[in-house]
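Okay, here's what each chain looks like letter by letter:
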Amino acid sequence: MAYRPVKALIHLNALQQNLRQVKTFAPDSKVLAIIKSNGYGHGIERVAGQLTQADGYGVACIDEAIVLRQKGFLHPIVLLEGLFSEAELSIAIQHRLEFAVHSFLQLEWLKNSAIKTPLNIWLKLDTGMHRLGFQVHEIQNVIAELKALPAPVNIHLMSHFASADESEAFTQKQLSIFNQVAGNLKCPRSIANSAGVQRYPESHLDWVRPGIMLYGACATSETVPGLKPVMTLMSQIISLKWIEAGETVGYGQTWQASRRSLIAVVAIGYGDGYPRHAPSGTPVLIHGERMPLVGRVSMDMITVDVTDLAEKVTIGDEAILWGQGLPVDVIADACGTIGYELLCGVTQRVPRVEER
Ligand SMILES: *Cc1c(COP(=O)(O)O)cnc(C)c1O
C-alpha cells in the first residue's frame, strides 16, 4: 500500500496501439520491441506482456532477458550489447538468447568455446556512430571467423543511427554504408530505431527496432500522430498558501513573486525522478491547465504557482507532471534533456499503476 499520492499510471492499451502504429509505418518489417532499462521505466514484464504481437524483444543485459524467460516469454530475445563476459555464453545458450557481437573480444569468447548449439548472432557494424560495432573493413573477416565456429551460426547484420532524429545527410550516409555491406551478405538486416521507423521508410529493411515510440514519446521534435503516451506521472496538491509580492519560494530563493501569489505544494520531487534541473516555468497540469513550476525542485516536493486557478484549487487536487495532456517531451525540452531520460529515471518508490 502506498500512502504517498505519487504514482505512474501505465496505460496498457496505449502500448498495443503504439505497436500497431509501428506496424503501420513499417508493414513489411519484423519488429524487435526495445524494452531495455526496465521497459524505459514502465516495467519490463508489464511492457513485454502488452507487446506479445512483436516478433522479438531487445534488452540490454542478460538479467533482463532471464526475467522475461522466467515469466514464460518464448519470443526471440536479443542482448543488444551482447555478452559482457565469457561466462555469459552458456547462460545465453541455456535461455535461448540471441546476442550482438560487436568486438573482437566477444568473438574470442565464441572461438574459445566448444559449443555446437546453433547461435543467432546480431553482428554489429559501425556505420559512423563510432560507439559499438566492427569497422566496414573488418566485417568480412569476422563473418569468416563466425562461419568457422563449430556451432552453426545464423547472422543478422545490425547497425545503429547516430542522428536519425537530426541529420538527414548523416543518416543517409550511414544507410548507404550499411546497404553496401549488407548487399553481399544475404542475411536479415536491421538499422532503424524509432526515428528511422518514423522518418526513413527506406531504412526499415527486415527488422525495425523501435523503443521510445512504443512508449508514446518522440524521438523527433515533431509529434507523431497515432502515438499515445503510456505513462502518466501524477501526484496531488498537499498544501496551498498565499504569499505576498516580493517574497521568494524554496531553496536558494530562486523565484520571487511579482504579485500576491497562491503557491501549491505537490508531493513529487527528484526522489521520484522528477528532474531537479526543471526550471521555474516548467508546466504542471492542474485542472487541465498548464501551471508554472516555481522555485527549486526538492527531494519530495515541488512548488507551483496556481494563482490563476485560485477560484477552484483545493488540497488533494490532482497534478500531472507528464503523460496524457502533457507530453513528456515538453518537460524534457524545458529541462534540456530527452523524454527517454525522464521515463527511465522514475524511481523505484513510485508505484506503477496499470490502467486499460
Ligand atoms: C535503445 C536502442 C534502440 C531503440 O532506440 P529508440 O530511439 O528508443 O527507438 C534500437 N536499437 C538499439 C541497438 C538500441 O540500443
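Analysis parameters
Residues numbered from 1 in each chain as written. Predicted model: local features only at pLDDT ≥ 70, side-chain atom pairs only at ≥ 80, totals over all residues. Heavy atoms only, no water. Helix = DSSP H or I, 4+ residues; strand = E, 2+ residues; numbered from the N terminus. Buried < 20%, exposed > 50% of the residue type's maximum accessible area, 1.4 Å probe, protein only. Contact = heavy atoms within 4.5 Å. Areas by Shrake-Rupley, 256 points an atom, 1.4 Å probe, with all protein chains shown as cover. Lys, Arg positive; Asp, Glu negative; His and termini not counted. Charge placed at Lys NZ, Arg CZ, Asp CG, Glu CD. 1 Å grid on protein atoms, 1.4 Å probe; cavity = no way out; pocket = protein on both sides within 12 Å on 5 of 7 lines; lining within 4 Å. Points joined across faces, edges and corners; volume = space filled by probe spheres on them. Near = heavy atom within 4 Å. Polar contact = N/O pair within 3.5 Å; in protein donor to acceptor, adjacent residues only side chain to side chain. Sits in = over half its atoms within 2 Å of the grid points. Nonpolar A, V, L, I, M, F, W, Y, C, P; charged D, E, K, R; others polar. Salt bridge = Lys/Arg side-chain N within 4 Å of Asp/Glu carboxyl O. Arc of directions from axis to C-beta. UniProt positions renumbered as here; feature names shortened; annotations may be inferred. Pairing = 2+ DSSP bridges.

S.K.: Mind showing me how you'd approach the overall build of the chain here?
M.R.: Check the secondary structure of the chain and you find 11 helices and 18 strands. Counting only C-alpha atoms, the chain reaches 75 × 45 × 35 Å along its principal axes. Within the chain, buried positions represent 54% of all 356 residues. Put simply, 63% of the contacts in the chain that link residues at least 6 apart link residues at least 24 apart. Only carbon and sulfur atoms are counted for the fraction: they give 50% of the accessible area of the chain, which is about 15,700 Å². Mean positive and mean negative side-chain charge positions of the chain (31 and 34 charges, respectively) differ by 4 Å.

S.K.: Explain the layout of surface pockets to me, please; I cannot follow it from the model alone.
M.R.: The rolling of a water-molecule-sized probe over the atoms marks out the regions of remaining empty space. Reported here for the largest pocket is a volume of approximately 840 Å³. D165, N193, A219, I338 and Y340 are the residues nearest the centre of the largest pocket, which is lined by 38 residues in total. If you list the elements that add at least two residues to the lining of the largest pocket, you get helix 2 (36-40), helix 9 (194-199), helix 10 (328-335) and helix 11 (339-344). Sorting elements by how many residues they give to the lining of the largest pocket places helix 10 first, with 4 residues.

S.K.: Quick question: what am I supposed to make of the site of the ligand here?
M.R.: The full set of residues close to the ligand is I34, K36, Y40, L80, H160, N193, S194, R209, P210, G211, I212 and Y340. Taking K36, its side chain carries an N or O atom lying 2.6 Å from an oxygen atom of the ligand. The protein chains hide 92% of the 390 Å² of surface that the ligand would expose on its own. The pocket occupied by the ligand, as judged from atoms lying within 2 Å of grid points, is the largest pocket. Residue composition of the shell around the ligand, by class: 6 nonpolar, 4 polar and 2 charged.

S.K.: Please explain the pattern of salt bridges as it appears in this structure.
M.R.: Between side chains of opposite charge, pairing is possible as soon as their charged atoms come close. Overall, the coordinates contain 11 salt bridges when judged by the stated rule. Residues joined in a network through salt bridges with shared partners are R4, D272, D300 and R349.

S.K.: What's the story with the environment of V224 in this structure? I'm lost.
M.R.: Along the chain, V224 falls in the loop between strand 9 (207-208) and strand 10 (231-243). C-alpha separation for the pair V224 and Q21, spaced 203 residues apart in sequence, amounts to 9.7 Å.

S.K.: Honestly, helix 10 in this entry has me stumped. Any pointers?
M.R.: Residue pairs spaced three or four apart in an α-helix point in one direction, given the helix's 3.6 residues per turn. Residues V328, D329, I331, A332 and C335 constitute the buried set of helix 10. Take helix 10 and look down its axis: the buried residues cluster within an arc of 160°, on one side only. Among the structural elements, strand 14 (283-286), strand 17 (318-322) and helix 11 are those in contact with the buried residues of helix 10. In the segment just after helix 10, G336 is the residue with positive phi, at about 65°.

S.K.: Whenever I open this one, the UniProt feature "domain: Alanine racemase C-terminal" (unreviewed entry) in the chain confuses me. Can you help?
M.R.: In this structure's numbering, the residues bearing the UniProt feature "domain: Alanine racemase C-terminal" (unreviewed entry) are residues 230-355. Annotated as 11% helix and 35% strand, the span residues 230-355 places its first and last C-alpha atoms 10 Å apart.

S.K.: When you look at unusual backbone geometry in this model, what are you seeing that I'm missing?
M.R.: With glycine set apart, most residues show a phi of negative sign, and most peptide bonds adopt trans. Positive phi outside glycine occurs at S37, with the angle close to 50°. Checked against the element boundaries, S37 lands in helix 2. Of note in this structure, L205 is not a glycine but carries a positive phi near 50°.

S.K.: Help me understand the UniProt feature "binding site: substrate" (unreviewed entry) in the chain, please; the structure alone is not making it clear to me.
M.R.: The feature "binding site: substrate" (unreviewed entry), as given by UniProt, occupies R131 and M299 in the numbering adopted here. The greatest C-alpha distance among the annotated residues, which extend across 169 residues, is 34.3 Å, indicating that they are dispersed rather than converging on a single site. Within this annotated set, the largest cavity is lined by R131. By secondary structure assignment, the location of R131 is in the loop between strand 6 (119-124) and helix 7 (139-147).

S.K.: What is the right way to read the pairing of strand 10 from this model?
M.R.: For a regular strand, the rule is simple: side chains alternate between the two faces of the sheet. Bridge analysis of strand 1 (residues 7-11) against strand 10 gives 4 bridges, and the strand direction is antiparallel. Bridging from a neighbouring strand, I10 pairs with M231 of strand 10. With 4 bridges connecting them, strand 10 and strand 17 associate as antiparallel partners. Bridge pairing in strand 17 places M234 opposite I320. With 6 bridges connecting them, strand 10 and strand 13 (residues 261-266) associate as antiparallel partners. Each bridged residue has a counterpart across the sheet, and for I243 the counterpart in strand 13 is S261.

S.K.: Please clarify how empty space enclosed by the protein should be interpreted in this entry.
M.R.: Scanning all chains against the criterion turns up 1 cavity of 30 Å³ or more. The computed volume of the largest cavity comes to approximately 40 Å³. For the lining of the largest cavity, a count of residues per class yields 3 nonpolar, 3 polar and 3 charged.

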